[in-house]
Amino acid sequence: MTLQSLGWDTHFENAFQPFFSDGFLPARVALEHKHSYHVWSADGEFTAACTGRLLHEADGRGRLPAVGDWVVARPRTGESERCMADIHAVLSRRTKFSRRVAGDAGTEQVVAANIDTALLITALDQNFNLRRIERYLTATRASGAEPVIVLNKTDLHPDPFGARHEVNAIAGGAPVVALSAVCDAGMDALEPWLVPGRTLALLGSSGVGKSTLINRLLGEDRMVTGAISDAVGKGRHTTTHRELQITPGGVLLIDTPGMRELQLWETCAADLDHSFTDIAEIAARCRFRDCSHNAEPGCAIEASLDDGSLPFERWQSYQKLLREQEYAARRASPRLTRETRDAWKKIHKQSRAHMRMKREGY
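First things first, this report covers the structure right here in the doc. A quick note: this is a predicted structure, and the numbers were derived from the prediction, not measured.

Digging into the overall build of the protein chain
Okay, step 1: Helices and strands together make up the secondary structure of the protein chain, namely 10 helices and 13 strands.
Okay, step 2: Within the protein chain, the proportion of its 362 residues that are buried is 47%.
Okay, step 3: Residue pairs at least 24 apart in sequence account for 66% of intrachain contacts in the protein chain once pairs closer than 6 positions are excluded.
Okay, step 4: In the form shown here, the protein chain has an accessible surface area of approximately 18700 Å², with 51% of it arising from carbon and sulfur atoms.

Spelled out as C-alpha cells, the structure:
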C-alpha cells in the first residue's frame, strides 16, 4: 500500500516535515487496543505503542492517537521486536469527530480522526428519531467532515419516501440517502462518496445496521451482524471497537460502535445555525436583535411556534443543543467560566437579600 492510498495528502506531508530524519515514518492508525495500536504505513503494518514522553505530554485522551490518525512512528530494531514500532507524535488532524465521555464532563473521546465524509446512519425501524439526527448533524459539522444522512432498512418502513421528506426538512442541506443494506436496495446512491483514498466514517446509535452496510461495501461478510430484536423492534449492537478498513475499490472505511449517548464536545454557534437554518432565519426576523424569544414584543420565534410553522419539538432540540454548546464554550474558556460563576453568585446574593427583606416585612 502507498501513503496516498491511505489518505495521505499535502496537509499531512507538511505536518510531517519536522520528522524527516532519525528513522521516522508516517503511519495511519487502523485499530486501537487498550495499550497499543495497529498501524499501516508504506513500509508495512506494525503493532505500535506510544512513547512515555508522548503519554506524559498529552493533556488528555483527545491528544493521544485515535483510529484514522496519522502518527509519527519509528520501527524497533531487533529480531524479537519485529513489526513493532513506537509512536512519537500525532500529526495535526484535518477533521475529528469527538464527543464528551459519558459521565465525565471534562474528557474528550475522539471517535474518528481525519474523516472526509461522515455517513450518519439511522434505521427506519423503532430507532428512527429526528432529534438524534439533529444532534449527529451538529457534531459532524463541528468535526469539519461532510455529513451524509443514510436512512437504512427501507424494507421495514411503510413509507420510506415520506420518512426521507421528513429528514430533508431538518437536514440543513445535507444529502439524505435511503437504502436497505440487507436487501442491497439503493446502495448505488452512495457512489458519489465512494472515492479511492477518501475516508468515510459510519456513525450512529446501536443496531442501525452499520456493520451490515460495511459488509456490503467490503464485498464480504467481515463484520459480525445481529438480527432485529422482536422485543423492541430494533437492531442489536454488534460492533465493539473502531476499525479502519479498505474496500476493494480503495475507499477507506471507519466502523464505529453504536453510541447510546452523544454529548457535544466542541461546537460553535455557526455549526448550530447550519444544522438549524430554519430557526436562524426565523430569529433574524425578530424585532430586537438580542431577543431572548421569551415574551418579547415582535418575537418571530414565538409567532412561528404559535402558528405551528416551527415545530415545538424542533425548538426544544435546538435549545438543548444550544445549552450544551454554551457549556462546552465555558469549559474551554476559563474567563467565561469565571464570568458565569460570578453572574450566578450575584443572582443568589440578590435572591437572599430579597428573601431577608421579605421576612423583615419590607
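Regarding the pattern of salt bridges
Okay, step 1: By the definition in use, this model includes 11 salt bridges.
Okay, step 2: In this structure, Asp116 engages Arg94 in a salt bridge whose closest nitrogen and oxygen atoms are separated by 3.0 Å. Taken together, the residues span a long stretch of sequence, with Asp116 in the loop between β7 (108-113) and β8 (117-123) and Arg94 in the loop between β5 (84-90) and β6 (96-100) at a distance of 22 residues.
Okay, step 3: Overall, Asp116 belongs to the buried group, its relative accessible area being 12%.

Comments concerning the packing of aromatic side chains
Okay, step 1: Here the structure, examined in full by the defined rule, presents 9 aromatic pairs.
Okay, step 2: The interplanar angle of 85° and the centroid separation of 4.9 Å between the aromatic rings of Phe16 and Phe20 together place this pair among those described as edge-to-face.
Okay, step 3: Look at Trp315 and Tyr318: their rings are 5.6 Å apart centre to centre, the planes differ by 20°, and that puts the pair in the stacked class. With Trp315 and Tyr318 both in helix α9 (residues 312-332) and 3 residues apart, this pair spans about one turn of that helix. By the burial criterion, Trp315 is buried, and Tyr318 matches it.
Okay, step 4: What links up through ring pairs into an aromatic cluster is the set Trp8, Phe12, Phe16, Phe19, Phe20, Phe24 and Trp70.

Considerations on empty space enclosed by the protein
Okay, step 1: Applying the stated criterion to the full structure yields 1 cavity of 30 Å³ or more.
Okay, step 2: If you add up the space inside the largest cavity, you get close to 70 Å³.
Okay, step 3: Leu120, Ile121, Thr122, Arg132, Ile133, Tyr136, Ile149, Leu203, Gly204 and Ser205 are the residues that line the largest cavity.
Okay, step 4: Counting only elements with at least two residues in the lining of the largest cavity, the list comes to β8 and α3 (130-143).

Quick notes on the environment of Leu64
Okay, step 1: Among the secondary structure elements, Leu64 is positioned in the loop between α2 (52-57) and β4 (70-75).
Okay, step 2: In sequence terms Leu64 and Val90 are 26 residues apart; their C-alpha atoms lie 7.1 Å from each other.
Okay, step 3: For Leu64, the residues in contact, after removing those within four places along its chain, are Tyr37, Leu54, Leu55, Ala58, Asp69, Val90 and Arg93.

Quick notes on the pairing of strand β3 (residues 44-50)
Side-chain direction in a regular strand flips from residue to residue, so the side chains alternate between the two faces of the sheet.
Okay, step 1: Sheet topology places strand β2 (residues 37-41) next to β3; 5 bridges connect them, and they run antiparallel. Looking at β3, one finds that Ser41 is bridged to Gly44.
Okay, step 2: Joining the antiparallel neighbours β2 and β3 is a turn of 2 residues.
Okay, step 3: Two strands pair when backbone bridges link them, and β3 and β5 are joined in this way by 4 bridges, in the parallel orientation.

Quick look at the nonpolar core
Looking at soluble globular proteins, one finds that nonpolar side chains tend to be buried together.
Okay, step 1: Counting 55 residues, the largest nonpolar core has Leu91, Ile115, Ile149 and Leu203 as its most contacted members.
Okay, step 2: Among the elements that make up this core, the one with the highest residue count is α3 (5 residues).
Okay, step 3: Membership of the second largest hydrophobic core comes to 20 residues, among which are Ile121, Val150, Ala181 and Leu200.

Remarks on the packing of α3 against helix α4 (residues 160-170)
Okay, step 1: Where α3 contacts α4, the two axes come as close as 10 Å, and the packing angle between them is 45°. Overall, the two elements α3 and α4 adopt an arrangement that is oblique. For the element pair α3 and α4, the recorded crossing hand is right-handed. Contacts between α3 and α4 involve Leu130, Arg131, Ile133, Glu134 and Leu137 from the former and Glu166, Val167 and Ile170 from the latter.
Okay, step 2: Each residue belonging to the contact of α3 with α4 can be placed in one class, and the counts come to 5 nonpolar, no polar and 3 charged.

Quick notes on helix α8 (residues 300-307)
Okay, step 1: Those residues of α8 that sit buried are Ala300, Ile301 and Ser304. Here the buried residues of α8 occupy an arc of 105° about the axis, which is enough to place them on one side.
Okay, step 2: Taken from the residues just after α8, Gly308 is the one with a positive phi, measuring 85°.

Points about the environment of Gly172
Okay, step 1: Along the chain, the position of Gly172 falls in the loop between α4 and β10 (176-178).
Okay, step 2: Each C-alpha atom, one on Gly172 and one on Glu134, is 9.3 Å from the other, the two residues being 38 residues apart in sequence.

A word on unusual backbone geometry
Trans is the common state for peptide bonds, and a negative phi is the common state for residues other than glycine.
Okay, step 1: Of note in this structure, Asn114 is not a glycine but carries a positive phi near 55°.
Okay, step 2: By the secondary structure assignment, Asn114 is in the loop between β7 and β8.
Okay, step 3: Here Asn114 falls in the buried class, since its relative accessible area comes to 2%.
Okay, step 4: The phi dihedral of Asp184 is positive, around 60°, even though this residue is not glycine.
Okay, step 5: Within the secondary structure, Asp184 is located in the loop between β10 and β11 (199-203).
Okay, step 6: Classification of Asp184 as partly exposed rests on a relative accessible area of 49%.

Cut-offs and rules
- Residues numbered from 1 in each chain as written.
- Predicted model: local features only at pLDDT ≥ 70, side-chain atom pairs only at ≥ 80, totals over all residues.
- Heavy atoms only, no water.
- Helix = DSSP H or I, 4+ residues; strand = E, 2+ residues; numbered from the N terminus.
- Buried < 20%, exposed > 50% of the residue type's maximum accessible area, 1.4 Å probe, protein only.
- Contact = heavy atoms within 4.5 Å.
- Areas by Shrake-Rupley, 256 points an atom, 1.4 Å probe, with all protein chains shown as cover.
- Salt bridge = Lys/Arg side-chain N within 4 Å of Asp/Glu carboxyl O.
- Phe/Tyr/Trp six-rings, centres within 6.5 Å; stacked < 30°, edge-to-face > 60°.
- 1 Å grid on protein atoms, 1.4 Å probe; cavity = no way out; pocket = protein on both sides within 12 Å on 5 of 7 lines; lining within 4 Å.
- Points joined across faces, edges and corners; volume = space filled by probe spheres on them.
- Pairing = 2+ DSSP bridges.
- Core = buried A, V, L, I, M, F, W, Y, C linked by side-chain atoms within 4.5 Å.
- Axes fitted to C-alpha atoms, helices over the stretch in contact; angles between N-to-C directions.
- Parallel < 35°, antiparallel > 145°, perpendicular 65-115°, else oblique.
- Left-handed = near helix turned anticlockwise from the far one by under 90°.
- Nonpolar A, V, L, I, M, F, W, Y, C, P; charged D, E, K, R; others polar.
- Arc of directions from axis to C-beta.

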